[in-house]
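# Remarks on the overall topology
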Amino acid sequence: MTIEPNPRPLGQDAALSVRNLTLNLPEGMERSHAVSQISFDLVPGKILCIIGESGSGKSITANAIMGLLPFSIRISEGSIYVGTTEIQSMNPAALRDMRGRKVSMIFQDPLSALNPLMTVGDQIVEVMSAHGVGTKAERKSRAVELLKEVGLPEPTTMYRQYPFRLSGGQRQRVMIAMALALEPGILIADEPTTALDVTTQAQILTLIKDIQHRKNMSVVFITHDFGVVAEIADNVVVMEKGKIVEQGDADTVLKTPFHPYTKHLIAAVPHIIGQDRTPHVARSDTPILRVRNLVKTYRSGSRMFGTERVVKAVQGASFDLLPGRTLGVVGESGSGKSSMGRLLVKLIESDGGEIFFEGTDIAPMSEAEFRPLRPRIQMIFQDPFASLNPRSTIGQILTVGPCAHGMSFSKAKAEALALLTEVGLDPGAFDRYPHEFSGGQRQRVGIARALMFKPRLLVADESVSALDVSIQAQILELLDRIQRETGVSMVFITHDLRVASQISDEIAVMQKGRIVEMGPPSQIFLNPQSDYTRELVAAIPGEKAAA
Amino acid sequence: MLPFLLNRLWQSFILLIIVSIIGFTILNLIPGGPLSQYALDPGMTAADLERLKEQMGLNRPLPIQYLDWAWRMLHGDWGTSYRDGAPVTEVIGRHIFATFILMGSSMAISIAIGTWIGIRGATHRYSLFDYTATVGAMVALSIPTFWFGLVSIYIFALKLGWFPAGNMYTIGDETVLGYLHHLILPSLVLSLVHVAVWSRYMRTATLDVIHQDFVKTARAKGVREKRVLMKHVVGNALLPMITLAGMQLPQLLSGALVTETVFTWPGMGRLFLDSLSYSDYPVVMGLLMLSAILTLLGNLIADIVVSMVDPRIRLA
């Protein structure tokens, strides 16, 4: 069902028009079209957000506009106009000339989008030399100017740096500088902030908005996050499974969406809940987990040769967790939150401090001493694709652990089947392989695997971060239900404060290895005590209107 | 960098000692021994043999023999050949040039052609070219070199008479052209295998890079396809190849046993085989140590080159 209220003629004044575009997928894929019959216009000087979940066809649309489709995918119908030029009619040389000069693009992952062997300056200069613009000296001074424009410190030093020296946010600024080099009229940004921390995301969004405004550029901004849409979009296109289900100006779509899918997506966006969670019946007031002055320091290099590098990942963290409660641990990358999760399940050894689990200090235990306790502390991992062995059936994945701890296979199988139903999967999944399942379903398998041991403590490390928002909401609901039913305690590690606000009874904010603030969601989000928490909360996209 | 180098040199030294002990032990486990050659002489009596044994120091316990050899080695004395009484270094010196010419030319050919085939196979993946190259590489790797050698001698030397069937030069004609004429056939036969290996590695390395985001970035910038390929793809794909090249360095001087034998090429491979059959311990040990040193050196050089080329290592 294509929603096209009044099929418009080619927008003469549009910076970019897509008309009835259909992209065929090679045979044997899930569906026959990557996108089907999509039409939209990019109004000059405006930001158009294309939003959709993974597999909706939003990125492939961006690649089609750049003329960068993979060989296996072809435009089978419809057209793309940049200004008034139809890009299918352009020969490869003309297309190449258009890229970077008229339309430029920035990508999702700034860590892999820059050539590791070239300096930042050389990569910016390359845009100009590829199009034969300027002399050598002019290009260089222009590159330095651009680095300054995107807000990078010490542009002349930056010019000579290699990408690996830069943080994710800085690299994304370099990408933006590169995209702006020839002052193109159109910028296509493919999820440019998805891989970034929330505070960095806020800065990059401001930068893009700022530059768009200053240069009167037209921007296509691809995202899966309605919070980001609320932050920057003038117009919105909502895509589902290769079709546009709704489009219009941002205000209308956000406030009065008419298509059920849009409504569903908007409803699924996690919002900050300033209210505290109704506590589950605590079975006792004795904490199940008591952590005191936990320390973890990573060392690399050699002390003897003076090349030792020391990273203090966790510096004296202390907290209590009551039975049946959830502690959210939030922080930016490098804050030490994942290290802390791994310390709790003893995947890495601590360098100091105590971890009292049900009254016993597990920190100094050897692997052999701790093994009998392992079933009681389980972990749910981040990547639902990498954390399941692709050559084992779901049944093997679920039963191998309990069998290793002495359960009979028939009993383990019976429990596995019951748990599969419990986490919302068909018991028939038992004999199937991980690749047959979607990301959300795999994460359910991951949860079932952890629950096989009837654990008292679950450590979930970014367990919903790789999932689409609607799936994210379902998994959070599942975890909440399991906690209410089994009374399991949870340490929920996430970089997304909105997610943390939904599932946590208490939230610990980590920065550079320390817990800088700890309290119930009402305190963290409505009345933050530390500057850092305030900064984090302010950076959450799309929450200003709600606050 | 300096601490890294010292560390590596220290490790290499330990490894050399281990290699020499293993080599020395295995060599002495081989039945026969250096005296079996003399024993063939009908005029030799048991007492003569015993005296010889004592002269050569072979009657001493094995550990002592080893320590004696190692001590001399540390002082630069590689020993003398049992076969012709010449110093080991001199014996090796007589053969090393032949091997260097043969292996050097064959490796230069195979690196150039292999790199090209690898890149083209990756950029035209699953094309006719790619399939042909893949099948060709499998054929070259699975058929033994001596077969290629014999077939090429049969066709190009015996039937067509284009090239000589063996040796490094014709006595009486020691011009550069004469050498080259003799070099072509063995060098090409050796290249077959090396091209196959090199092109497979290069194809994989290129494929690893070609789908990376920064290649897409380069295209999105409007960079010409040729430059995208050469600067961004190949530049990065060559990094792992440096390590491979380092690992192949010892072959440059240690020679090719089979090819040298088939083409009666007077190189290190032939020397090794001959010395082994004579139980010429000093020469065999010398060759073993030389190739061990070259292996370690090749790896070290590769690591140094990689760290100079890759800013992530150079500046870290």
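As recorded by an unreviewed UniProt entry, chain B carries the name Peptide/nickel transport system permease protein and is attributed to Afifella marina DSM 2698. Annotation of chain B in UniProt includes, under Subcellular location (unreviewed entry), the sentence "Cell membrane". For the record of chain B, the UniProt heading Sequence similarities (unreviewed entry) holds the text "Belongs to the binding-protein-dependent transport system permease family."

The name recorded for chain A in an unreviewed UniProt entry is Peptide/nickel transport system ATP-binding protein, from Afifella marina DSM 2698. Per UniProt, chain A carries the Sequence similarities (unreviewed entry) text "Belongs to the ABC transporter superfamily." What UniProt states about chain A under its Subcellular location (unreviewed entry) heading is, verbatim, "Cell inner membrane".

### Some remarks on the sheet that holds strand β12 (residues 309-321) of chain A
Residue and element names in this part refer to chain A. The strand order β12-β11-β14-β15 describes an open sheet built from 4 strands, whose pairing is antiparallel. Only two strands of the sheet have a single neighbouring strand rather than two, namely β12 and β15 (360-361). Here 5 bridges tie strand β11 (residues 289-300) to strand β14 (residues 352-357), and the two strands are oriented antiparallel to one another. Paired with Val-291 across the two strands is Ile-355, which belongs to β14.

### Overview of the interface of chain B and chain A
The partner chain A presents 26 residues to the 19 residues of chain B that form the contact. Those elements that place two or more of their residues in the side of chain B that touches chain A are α9 (213-220), α10 (225-254) and α14 (311-314) of chain B. When residues of the side of chain B that touches chain A are assigned to their parent elements, the largest contribution, 6 residues, is made by α9 of chain B.

### Things to note about the environment of Thr-278 of chain A
Residue and element names in this part refer to chain A. Counting through the fold element by element, Thr-278 comes out in the loop between α10 (260-268) and β11. The class for Thr-278 is exposed, based on 7 C-beta atoms found within 10 Å. Separated by 95 residues in sequence, Thr-278 and Leu-373 have C-alpha atoms that sit 30 Å apart.

### Here's the deal with helix α3 (residues 120-130) of chain A
All names here are of chain A. Counting buried residues along α3, 9 of its 11 residues qualify, which places the element largely inside the surrounding structure. Within α3 the residues assigned to the buried category are Val-120, Gly-121, Gln-123, Ile-124, Val-125, Glu-126, Val-127, Met-128 and Ala-130. Downstream of α3 by one or two residues, Gly-132 has phi in the positive range, about 60°.

Calculation criteria
Residues numbered from 1 in each chain as written. Chains lettered and ligands numbered in written order. Predicted model: local features only at pLDDT ≥ 70, side-chain atom pairs only at ≥ 80, totals over all residues. UniProt positions renumbered as here; feature names shortened; annotations may be inferred. Pairing = 2+ DSSP bridges. Helix = DSSP H or I, 4+ residues; strand = E, 2+ residues; numbered from the N terminus. Contact = placed C-beta atoms within 7 Å. Buried ≥ 20, exposed ≤ 12 C-beta atoms within 10 Å, placed from the backbone.

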